[in-house]
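The primary structure of each chain is shown beneath.
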Amino acid sequence: MPSPKPSVEIVLSPEERATLEQRSRSLVGGHRDVVRAKMVLMFADGVSFSAIARRLCRQRDVVRTWVGRFARSRLDGLVDKAGRGRKPLYSPGGDRLRGEARVRAA
């Protein structure tokens with residue numbers, strides 16, 4: 001039985017396609033940016049979520065998340081949201097502080 005058609009449809013402008021293709025071939029950008037660009041390009045070319053996930057060794061839900069974020073916010077949606085990841089161990093102005101105030105409690 002064929003899988004249901006995805007509820008997201010992406011039509012790329014020539015500028016968006018050029019930007020995504022550049023990102024997908026980048027050797028100096030972050031690996032996650034390359035993979036996200038490939039996900040969107042493949043989906044725009046008609047590849048299913050499952051096939052993209054298999055080719056890029058990702059979970060189908062991860063592919064669906066990034067394609068959905070692109071559909072909502074376009075290129076800005078492929079950037080990590082603020083506040084993600086581990087907080088810094090040292091204070092930003094740590095070189096001006098003394099003693100225990102320099103180290104953040106873990």
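Residues numbered from 1 in each chain as written. Predicted model: local features only at pLDDT ≥ 70, side-chain atom pairs only at ≥ 80, totals over all residues. Heavy atoms only, no water.

Asks: How would you explain the pattern of salt bridges if you had to name every residue and give the values?
Replies: All told, the structure shown has 6 salt bridges when counted by the stated rule. Arg74 is the partner of Glu16 in a salt bridge, and the nearest nitrogen-oxygen pair spans 2.8 Å. Here the residue Glu16 occupies a position in helix α1 (residues 14-24), and Arg74 occupies one in the segment after α4 (60-73), the gap between them amounting to 58 residues. On the basis of relative accessibility, which here comes to 26%, the residue Arg74 falls in the partly exposed class. Between Asp80 and Arg32 there is a salt bridge; the shortest N-O distance is 3.4 Å. Of this pair, Asp80 sits in the segment after α4 while Arg32 sits in helix α2 (residues 31-44), placing them 48 residues apart in sequence. Accessibility expressed as a relative area gives 32% for Asp80, which makes it partly exposed. The exposed category is assigned to Arg32, whose relative accessible area is 52%. If you follow the salt bridges from partner to partner, you end up with Arg17, Glu21 and Asp45 in one network. (Salt bridge = Lys/Arg side-chain N within 4 Å of Asp/Glu carboxyl O. Helix = DSSP H or I, 4+ residues; strand = E, 2+ residues; numbered from the N terminus. Buried < 20%, exposed > 50% of the residue type's maximum accessible area, 1.4 Å probe, protein only.)

Asks: Let's hear about the packing of helix α3 (residues 49-56) against α4: which residues, and what values?
Replies: Between α3 and α4, whose axes approach to 8 Å, the crossing angle comes to 110°. As the angle between them shows, α3 and α4 are arranged roughly perpendicular. In the packing of α3 onto α4, the handedness of the crossing is right-handed. Taken together, the residues of α4 that come into contact with α3 (itself represented by Phe49, Ser50, Ile52 and Ala53) are Arg60, Val63, Arg64 and Val67. Within the contact of α3 with α4, the residues separate by chemical class into 5 nonpolar, 1 polar and 2 charged. (Axes fitted to C-alpha atoms, helices over the stretch in contact; angles between N-to-C directions. Parallel < 35°, antiparallel > 145°, perpendicular 65-115°, else oblique. Left-handed = near helix turned anticlockwise from the far one by under 90°. Contact = heavy atoms within 4.5 Å. Nonpolar A, V, L, I, M, F, W, Y, C, P; charged D, E, K, R; others polar.)

Asks: Can you lay out the packing of aromatic side chains for me, pointing to particular residues and giving the numbers?
Replies: The full count for this structure, using the stated rule, is 1 aromatic pair. Ring centres of Phe43 and Phe49 lie 4.9 Å apart, and the angle between their planes is 15°; on these two criteria the pair is classed as stacked. Judged by relative accessible area, Phe43 falls into the buried class, the value being 8%. Here the guanidinium or amino end of Arg36 rests over the ring plane of Trp66, the centre of that ring lying 3.7 Å away. (Phe/Tyr/Trp six-rings, centres within 6.5 Å; stacked < 30°, edge-to-face > 60°. Lys NZ or Arg CZ within 6 Å of the ring centre and 35° of its normal.)

Asks: Mind laying out α1, listing which residues take part and the relevant values?
Replies: For α1, the set of buried residues is Glu16, Leu20 and Ser24. Across the axial projection of α1, the buried residues extend over an arc of 65°, all falling on one side. With respect to the buried face of α1, the exposed residues turned more than 90 degrees away are Pro14, Glu15 and Gln22. In this structure, the buried residues of α1 make contact with α2 and α4. (Arc of directions from axis to C-beta.)

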